[in-house]
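# Examining the three-dimensional arrangement
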Amino acid sequence: MTNQIRTRFAPSPTGFLHIGGARTALYCWLYARKTKGTFILRIEDTDLERSTPESVQAILDGMNWLNLHFDEGPYYQTKHMERYKEVINQLLQTGHAYRCYCSKERLTKLREEQTEKKEKPRYDGFCRNRTEPGTGDFVVRFKNPSEGVVEFDDLIRGKVTFANTELDDLIIARTDGSPTYNFTVVVDDWDMKISHVIRGDDHINNTPRQINIFRALNATPPLYAHVPMILGPDGKRLSKRHGAEGVMQYRDDGFLPEALLNYLVRLGWSHGDQEIFSLSELIEYFDIKDINRAPAAFNMEKLLWLNQHYMKTADPEHVVKELEWHMEKIGIDIKRGPALFDIIQAQSERTKTLKEMAERSRYFYEAVVLSDEMAAQVTPDIKPALSMLSERFKQLSEWTKENIHKTLADVAEIHALKLGKLAQPLRVLLTGGTVSPPIDITIQLLGRDKVIERMQRAMI
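Everything in this summary refers to the structure shown in the same document. On a predicted model such as this, the values are computed, not experimentally measured, just so you know. (Residues numbered from 1 in each chain as written. Predicted model: local features only at pLDDT ≥ 70, side-chain atom pairs only at ≥ 80, totals over all residues. Heavy atoms only, no water.)

### Examining the overall build of the protein
- A tally of helices and strands in the protein yields 19 helices and 12 strands.
- With the C-alpha coordinates of the protein rotated into their principal frame, the extents come out at 105 × 45 × 40 Å.
- Residue burial in the protein is summarised as follows: out of 460 residues, 47% are buried.
- If you take every contact in the protein between residues at least 6 apart in sequence, the share linking residues at least 24 apart comes to 75%.
- With the model as given, the accessible surface of the protein reaches about 22700 Å², and the carbon-plus-sulfur share is 49%.
- Taking the 62 positively charged and 65 negatively charged side chains of the protein as two groups, their mean positions are separated by 2 Å. (Helix = DSSP H or I, 4+ residues; strand = E, 2+ residues; numbered from the N terminus. Buried < 20%, exposed > 50% of the residue type's maximum accessible area, 1.4 Å probe, protein only. Contact = heavy atoms within 4.5 Å. Areas by Shrake-Rupley, 256 points an atom, 1.4 Å probe, with all protein chains shown as cover. Lys, Arg positive; Asp, Glu negative; His and termini not counted. Charge placed at Lys NZ, Arg CZ, Asp CG, Glu CD.)

### Describing the side chain of Asn262
- Its place among the elements puts Asn262 in helix H8 (residues 257–265).
- A distance of 3.0 Å separates a polar side-chain atom of Asn262 from the backbone nitrogen of Phe277.
- Apart from the residues within four sequence positions on either side, Asn262 is in contact with Glu275, Ile276, Phe277, Leu306 and Tyr310. (Polar contact = N/O pair within 3.5 Å; in protein donor to acceptor, adjacent residues only side chain to side chain.)

### Comments concerning the sheet that holds strand E4 (residues 97–100)
- What the 3 strands build is an open sheet, ordered E4-E5-E8; its pairing is antiparallel. Of all strands in the sheet, those bounded by a partner on one side alone are E4 and strand E8 (171–173). With strand direction ignored, the average angle separating the axes of adjacent strands in the sheet is 45°.
- With 4 bridges connecting them, E4 and strand E5 (residues 139–142) associate as antiparallel partners. (Pairing = 2+ DSSP bridges. Axes fitted to C-alpha atoms, helices over the stretch in contact; angles between N-to-C directions.)

### Observations regarding helix H6 (residues 207–216)
- Across the 10 residues that make up H6, a large majority, 9, are buried.
- Of the residues flanking the end of H6, it is Asn218, one or two places downstream, whose phi is positive at about 55°.

### So, helix H11 (residues 316–329)
- Between its first and last C-alpha atoms H11 spans 20 Å; for 14 residues at 1.5 Å apiece the expected length is 20 Å, and the two agree.
- Along H11, the positions that sit buried rather than exposed are His318, Val319, Glu322, Leu323, His326 and Met327.
- Buried residues in H11 make contact with helix H2 (53–65), helix H7 (247–252), H8, helix H10 (300–313), helix H12 (340–347) and helix H13 (354–359).
- Directly after H11, the chain includes Gly331, whose backbone phi takes a positive value near 80°. (Expected span 1.5 Å × (residues − 1).)

### Some words on the environment of Arg336
- With respect to the helices and strands, Arg336 occurs in the loop between H11 and H12.
- Given the relative accessible area of 54%, Arg336 is considered exposed.
- For the pair formed by Arg336 and Arg111, sequence separation is 225 residues and the distance between their alpha carbons is 69 Å.
- Apart from the residues within four sequence positions on either side, Arg336 is in contact with Phe364, Tyr365 and Lys450.

Okay, structure coming up:
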């Protein structure tokens with residue numbers, strides 16, 4: 001072990017980087033940054049049947065989009081197989097592990113008998129003390145202590161105790177020699193000098209097993225912090241049925257990484273009543289001891305509120321870059337309209353995601369086709385005012401919001417119209433709909449040529 005704080009995020013590449021994993025990565029990253037420690041990314045890819053290169057890339061993409069940059073890695077477990085074999089042999093030689101030759105049939109029958117007796121299914125240690133050489137296939141089992149307890153101080157939950165009698169002799173190497181999860185985690189955490197393991201509380205039953213393996217190796221276990229799960233709105237564990245796809249799905253849906261990070265950190269952690277944090281504030285304030293023991297419920301409305309806040313307040317160049325990605329995704333040519341910075345300024349009060357902003361801004365860049373329902377709103381009695389307005393727009397010396405607004409007000413007054421009675425049909429023929437930023441801003445952003453062309457086409 002080392003005095004330096006070393007945390008690790010160690011996902012299995014069997015799918016997307018999901019929300020729970022992203023929160024775990026964020027907590028690990030924040031603690032390393034706060035303590036000027038080291039944040040490590042480790043890909044636990046020994047499950048060869050389920051691990052895929054696409055899933056690895058999804059993890060890397062998600063981490064990169066969230067700006068959770070790692071200091072070391074990514075390390076891949078499949079590249080450390082010789083090391084695992086070396087440690088397995090060490091455990092065999094010191095008597096902390098043994099070869100088990102029990103057949104699948106025997107183990108199946110054992111489980112069935114235990115189930116019938118309403119006992120906890122577990123290996124009965126049949127091969128634990130055998131001295132004669134075996135034949136045929138075998139697995140390697142860790143010889144778990146048969147007495148005493150495993151006790152550790154969880155940094156979130158406090159003191160946790162497991163009786164060794166509750167832990168059976170787990171398999172650490174399969175019949176093909178490949179190592180299993182609980183064993184490889186110990187070797188990696190040992191070799192990488194991990195000081196703090198921050199992970200979901202679904203792993204808490206693995207912790208006593210791993211601590212016993214550490215002790216068998218005369219190694220000091222890291223400190224553990226088990227983070228409570230995230231619940232869906234129905235109170236059940238957050239899953240795909242709640243729409244909890246991978247992190248990159250949230251980018252597809254129009255969320256900014258800052259908003260998602262800010263939301264995730266508050267799913268189980270707090271600093272007073274503060275809701276919105278800059279990254280520097282998170283690093284300054286974050287502490288594992290402030291993580292709540294109770295599960296947190298996912299609230300989409302709150303995430304949308306945060307996202308709208310960051311759309312309005314984040315670095316404009318960054319928001320522009322993200323909006324450009326969404327514009328390109330739905331086929332909008334941004335060279336044929338106003339600057340995206342101006343679109344953000346105009347639309348951020350009316351939209352909660354960048355995807356929604358992009359979809360609602362199409363009319364600034366593409367021709368508008370009026371539906372019959374919309375065209376009916378441009379009534380004959382309003383057309384004289386629209387015709388005069390078109391001529392006045394042609395003559396404007398400067399195409400500013402102020403000049404546009406004055407022109408609208410003047411024409412409305414001449415025709416004895418309230419401004420809204422003129423503005424709404426004008427909005428319809430310019431945008432194809434009834435919702436847009438204030439009409440003077442909409443007209444300014446569309447530009448003189450688009451406005452006059454669309455008005456004249458509607459006059460025919």
